[in-house]
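Architecture at a glance
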Amino acid sequence: YTSSWTSDPPGYTHDGSETVLNVQPLETTTYNVEVTDGFTTLPIESVKIVVLPLVGITLNPSDTLIEVGETAIFEVDGANNTSFQWQVSTDGGGSWNEIIDNGNYNGSATNTLTVSNTTIDMNSYLFRCLLDGRCSPLYSDAALLNVSLSPEVIGGFEDNTVCEGETVSMPFSITNFIDIDSLE
């Protein structure tokens, strides 16, 4: 016997005697087969292969710098996904845990995660999102949460009296200061 295959949309043809045919369509395609043994031709049979698009990420979350107690927002967006699930790593990406909404996290199953009531202990946490769909799931890039203490000016200022034109030194220091250029 011989089987003759065609497709709709057009572009695929094959003649042979195989009992298994492997195809890899890029779009939803109907395959039609006509089988003959040289004497009898069987009615055309058809099979429709529905091709689902893969999940894609169109926006990855970005690193965020905040002070203790401030709120951080991480956003992700995708194509062809059916769900979002945020994860957190507290060990530099060695392990990841799913986030559930609680006093620190809101939006754990949406494209926008809000991290509230931040503490200095949350500094260097990593956040990523799992975008799942009917085909392969995909993880976003990880985003770093930088949490800093609020800067404080420590003075020791004292009132002073000087004559006109004299220079006065007023020593002070700043603690918890982050050099923004060092973060780039």
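Computed from a predicted structure; not experimentally measured.

This part is about the environment of T110. With respect to the secondary-structure elements, T110 resides in the loop between β11 (105-106) and β12 (112-115). Between the C-alpha atom of T110 and that of Q85, which follows or precedes it by 25 residues, the distance is 6.9 Å. If near-sequence neighbours (up to four positions away) are discounted, T110 is found in contact with F84 and W86. Here G107 takes part through its backbone oxygen, which lies 2.9 Å from a polar atom of the side chain of T110. Polar contacts involving the side chain of T110 include one to the main-chain carbonyl oxygen of T112, which spans 2.9 Å.

Right, let's get into the pairing of strand β9 (residues 83-89). Of all the seven residues making up β9, six are buried; the element is thus mostly covered by neighbouring parts of the structure. Judged from the seven bridges that link them, β9 and strand β13 (residues 125-132) form a sheet pairing that is antiparallel. From the neighbouring strand, F84 faces β13, where its bridge partner is L131. Sheet analysis places β9 next to strand β10 (residues 97-98), joined by two bridges and oriented antiparallel. Considered in β10, the bridge of Q87 is made with E98.

Cut-offs and rules
- Residues numbered from 1 in each chain as written.
- Predicted model: local features only at pLDDT ≥ 70, side-chain atom pairs only at ≥ 80, totals over all residues.
- Heavy atoms only, no water.
- Helix = DSSP H or I, 4+ residues; strand = E, 2+ residues; numbered from the N terminus.
- Contact = heavy atoms within 4.5 Å.
- Polar contact = N/O pair within 3.5 Å; in protein donor to acceptor, adjacent residues only side chain to side chain.
- Buried < 20%, exposed > 50% of the residue type's maximum accessible area, 1.4 Å probe, protein only.
- Pairing = 2+ DSSP bridges.

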